[in-house]
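Notes for the structure review
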Amino acid sequence: MTESTRPLPPLIPLSHGGWEVNSFMSSSEYTIRGMGLKPSNHVIPVIVVPGIMGTNLRAKMHPRPMRINEINGKANPGEVVWRPPNGMKEGLKAKAKWSEVSPSDRQQLFDGSTLEVDDGGSIVLLDAVEGYELDEQILRKQGWGEVHADSYGLLLHTLQTRLNQTFGFDEIKKERYLLQHWKDVMACEPSKWGVREFEPLTEKHLSKHAKRYFPVYAVGYNWLEDCATSSERLESRINEIIAFWQSAKRHCEQVILVTHSMGGLVARACAKRIPHKIAGVIHGVMPAFGAPAAYRRMACGTESSSPYNGPLDNIAAAALAKILGETTEKTTPVLATSPGALELLPNHLYPGPWLHVRVTTSVGKPEPVNGASKVDSAGNNPASSDCLHFPGPTSPNPYDIYRDMSPWYRLINPALADPAGKYKETEKGVEKAIIAAVNTAETFHRSLGDYYHPNTYAFYGNDQHKRSYGQLRWVARQQAGAATVVTPANVNAARFVGHTTLGQRRVRVEGKTELLFALEEQDARGDGTVPYQSGTGPSGKAKQVFATQGYDHQGSYKHPDMLLLTLRLVVKIVQETT
């Protein structure tokens, strides 16, 4: 066929095993033919599972009449509650909007029991690749509108178009040729994926790959709920997707999961129940053991900068902090009673101790809070040893730390957790709800343990220029000669006085000496959110773990090298299927 062609949208499966394509009638003078690409009848759906806040949420469209806890206090049924902004313009509007939302309104809006997945979000439709057109109506059925377009749109588009186009055909030479995007995967140096060597991709591998069709889905979840509950939604969608293709008389038995961040926890819980329905899993930047950043954001508000960011990155971070809540008054009402959010805290497998308390003694100019001892202005080396460590011998269970709301270094201040008064009439009030949520998080973590699907690959951020909180250290400075001699016992027993808008905590030691504690800055290699200590969690369980660099947490699947790695790993998983 030598006539010019125009691409048609992907073919639609019919129940009798055939295919259908939508085109349009044209005049006889219009001689350009429509070209539809007929997929294989051997189908392996690829499902993208987003991270926390990566799923769009709305107030439940049909709250049950007798369930008052399903009625959102600020949004009407079906009204959008959370759609993260796409691009700078939307980001500036969102920053202005969320800056004005009070803690009480945040608590009512982000009431997990009143929300459900919203499938009406934006969908990224890029230019056709090698004649491969995408149809928005089809993509909505595949769930693309459920997830944040700016974070996952490029990933979804890349997977749908490139996985399903492997070879072209040269009409003149009468031979096939490998398409450029697979040549790019072949040419990518393993060092860009954080490894010295990786099995080379061959044309033989791609020949087997090309015998499958890979429809790409997105499956969101209510990230305020328990990850176990979210995993049940994922399992239900996997069953529906497989059943759909089987009802169209296609061979479809397993799916491939591609996860981001918290989505990895959801997928692991799902895979533990139905491993036979999953061909393999690719985890990106998963907080396998949790992340101390979750403690920081609840205890002090979302960080608005990092000393390792450039100016533009800090502007973006400051805008994000306004949206998510830059103070503990704004984050605590949302996160304190949400099991999903609490399941991102360092769990029982996180290497500890990871929470420390230090009091430095200095003369003259105060020492900068940066995690290292420095000579002060008088030439003296200030005392800087840590006096408290958690979890530790006397408190080895991190969940006990989260449940204990009495120490000044507590995770949750119950006085900030219920500004809307949701729990004021209930027995034991909001404290009971907080403990219940922590208990749910502990149950999930211990049930999941160190389980990984047998065919798992993972990559994480290991970048010294994208520092994350690997450990947290509360630091206060005391002038030499102060009346109170600081000891571990009296620091531990110090009384909380108040906090500043920056998240610093004022405490009184022995009723007479006041200290101002602040958390040190990010200290560990990572991706700006998940530290390497947690990113390496799949090591020894996954088939291979890649220590990668060059991106921040939310943008991991927008980095070209990570997209190439994801394509390579899908092919790798396909080689291991029958």
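Residues numbered from 1 in each chain as written. Predicted model: local features only at pLDDT ≥ 70, side-chain atom pairs only at ≥ 80, totals over all residues. Heavy atoms only, no water.

Under the definition given, this model contains 19 aromatic pairs. Seen from their ring centres, Phe-110 and Trp-223 are 6.1 Å apart, and the 40 degrees between their planes marks the pair as tilted. Of this pair, Phe-110 sits in the loop between α2 (103–109) and β8 (115–117) while Trp-223 sits in the loop between β11 (216–218) and α7 (227–247), placing them 113 residues apart in sequence. The class for Phe-110 is buried, based on a relative accessible area of 8%. (Phe/Tyr/Trp six-rings, centres within 6.5 Å; stacked < 30°, edge-to-face > 60°. Helix = DSSP H or I, 4+ residues; strand = E, 2+ residues; numbered from the N terminus. Buried < 20%, exposed > 50% of the residue type's maximum accessible area, 1.4 Å probe, protein only.)

This next bit is on the packing of helix α8 (residues 263–273) against helix α14 (residues 429–448). Where α8 contacts α14, the axes come no closer than 10 Å and their chain directions differ by 55 degrees. The angle between α8 and α14 falls in the class oblique. The hand of the α8/α14 crossing is left-handed. Here Leu-265, Arg-268, Ala-269 and Lys-272 of α8 come into contact with α14, specifically with Phe-444, Ser-447 and Leu-448. For the contact of α8 with α14, the per-class residue count stands at 4 nonpolar, 1 polar and 2 charged. (Axes fitted to C-alpha atoms, helices over the stretch in contact; angles between N-to-C directions. Parallel < 35°, antiparallel > 145°, perpendicular 65-115°, else oblique. Left-handed = near helix turned anticlockwise from the far one by under 90°. Contact = heavy atoms within 4.5 Å. Nonpolar A, V, L, I, M, F, W, Y, C, P; charged D, E, K, R; others polar.)

Let us now look at the sheet that holds strand β15 (residues 386–390). Strand order in the open sheet made by the 6 strands is β15-β14-β18-β21-β20-β19, with mixed pairing throughout. A strand with exactly one partner marks an edge of an open sheet, and here the two such strands are β15 and β19 (495–499). Neighbour to neighbour, the strand axes of the sheet diverge by 25 degrees on average, direction disregarded. As defined by bridge partners, strand β18 (residues 472–479) adjoins strand β21 (residues 513–519) across 2 bridges and the pair is classed as antiparallel. Along β21, the bridge assignment pairs Trp-474 with Leu-519. (Pairing = 2+ DSSP bridges.)

Looking at the element boundaries, Ile-238 is found in helix α7. Taking C-alpha positions, Ile-238 is 17 Å from Thr-55, a pair spaced 183 residues apart along the chain. Apart from the residues within four sequence positions on either side, Ile-238 is in contact with Ile-47, Val-255, Leu-257, Cys-270, Ile-274 and Lys-277.

Judged by nonpolar contacts, the single largest core of 145 residues is most densely connected at Ile-47, Leu-234, Tyr-295, Trp-474 and Phe-517. Ranked by residues supplied to this core, first place goes to helix α17 (residues 560–575) with 10 residues. (Core = buried A, V, L, I, M, F, W, Y, C linked by side-chain atoms within 4.5 Å.)

Let us look at the side chain of Asn-413. With respect to the secondary-structure elements, Asn-413 resides in the loop between α13 (398–403) and α14. According to the relative accessible area criterion, Asn-413 is buried, its value standing at 13%. Of note is the side chain of Asn-413, whose polar atom sits 3.0 Å from the backbone nitrogen of Ala-415. (Polar contact = N/O pair within 3.5 Å; in protein donor to acceptor, adjacent residues only side chain to side chain.)

A few words on the pattern of salt bridges. The full count for this structure, using the stated rule, is 29 salt bridges. Between Glu-199 and Lys-572 there is a salt bridge, with its nearest N and O atoms 2.3 Å apart. One end of the pair, Glu-199, is in the loop between α5 (180–187) and α6 (203–209); the other, Lys-572, is in helix α17, with 373 residues separating them in the sequence. Note that Asp-386 is salt-bridged to Arg-358, the shortest N-O span being 2.9 Å. One end of the pair, Asp-386, is in strand β15; the other, Arg-358, is in strand β14 (residues 355–362), and 28 residues separate them in sequence. Like Asp-386, the residue Arg-358 is buried in the burial classification. Among the ionic contacts, a cluster of salt bridges with common partners joins Arg-58, Arg-83, Glu-116, Asp-118 and Asp-119. (Salt bridge = Lys/Arg side-chain N within 4 Å of Asp/Glu carboxyl O.)

Glancing now at α8. With 9 of 11 residues buried, α8 lies mostly within the body of the structure. Of all the positions in α8, only Gly-263, Gly-264, Leu-265, Val-266, Ala-267, Arg-268, Ala-269, Cys-270 and Ala-271 are classed as buried. In this fold, the buried residues of α8 make contact with β5 (46–49), α7, β12 (255–260), β13 (278–284) and α14.

As summarised here, the arrangement of the 6 strands in space is β11-β5-β12-β13-β16-β23, forming an open sheet in which the pairing is parallel. Edge positions in the sheet fall to β11 and β23 (544–548), since each of these pairs with one other strand and no more. Taken pair by pair, the neighbouring strands of this sheet meet at an average axis angle of 15 degrees, ignoring direction. As paired strands, β13 and strand β16 (residues 456–461) are joined by 4 bridges and run parallel to one another.

Before going further, it helps to spend a moment on the pairing of strand β9 (residues 167–170). Pairing of β9 with strand β10 (residues 175–178) involves 4 bridges; the strand directions are antiparallel. For Phe-169, the partnering residue across the bridge sits in β10 and is Arg-176. Where β9 folds back onto β10 in an antiparallel hairpin, the turn is made up of 4 residues, including Lys-174, whose phi is positive at roughly 55 degrees.

On to α14, then. Relative to the 28 Å expected for 20 residues at 1.5 Å per residue, α14 spans 30 Å between its end C-alpha atoms, a close match to the ideal helical length. For α14, the set of buried residues is Gly-429, Val-430, Ala-433, Ile-434, Ala-437, Val-438, Ala-441, Glu-442, Phe-444, His-445 and Leu-448. Here the buried face of α14 lies against α7, α8, α12 (339–342) and α13. Gly-449 lies just past α14 and shows a positive phi near 55 degrees. (Expected span 1.5 Å × (residues − 1).)

Turning our eyes to something else, we now look at the packing of helix α4 (residues 149–163) against α17. Following both chains from N to C, one finds α4 and α17 inclined at 45 degrees, their axes separated by 11 Å at the closest point. Classified by the angle their axes make, α4 and α17 are oblique. Where α4 crosses over α17, the handedness of that crossing is right-handed. In contact with Leu-154, Leu-155, Thr-158, Leu-159, Arg-162 and Leu-163 of α4, α17 contributes Leu-563, Thr-566, Leu-567 and Val-570.

Right, let's talk about the state of the cysteines for a bit. Under the definition given, this model contains 0 disulfides. Unpaired in this structure, Cys-300 has its nearest cysteine sulfur neighbour in Cys-387, at a distance of 17 Å. (Disulfide = S-S within 2.5 Å.)

What follows covers the confidence of the model for the protein chain. Of the residues in the protein chain, 91% reach a pLDDT of 70 or more, and the chain-wide mean stands at 90. Note on residues 369–382: pLDDT under 50 across the span, and 32 contacts to partners over four residues away in sequence or across chains. (pLDDT = per-residue confidence, 0-100.)

To continue, consider the pairing of β16. Among the 6 residues of β16, 6 are classified as buried, and the element is accordingly described as predominantly covered. Going residue by residue along β16, you find Thr-456, Ala-458 and Tyr-460 tucked away on one face and Tyr-457, Phe-459 and Gly-461 tucked away on the opposite face as well. The sheet contact formed by β16 and β23 spans 5 bridges and is parallel. Bridge pairing links Tyr-457 to Gln-544 in β23.

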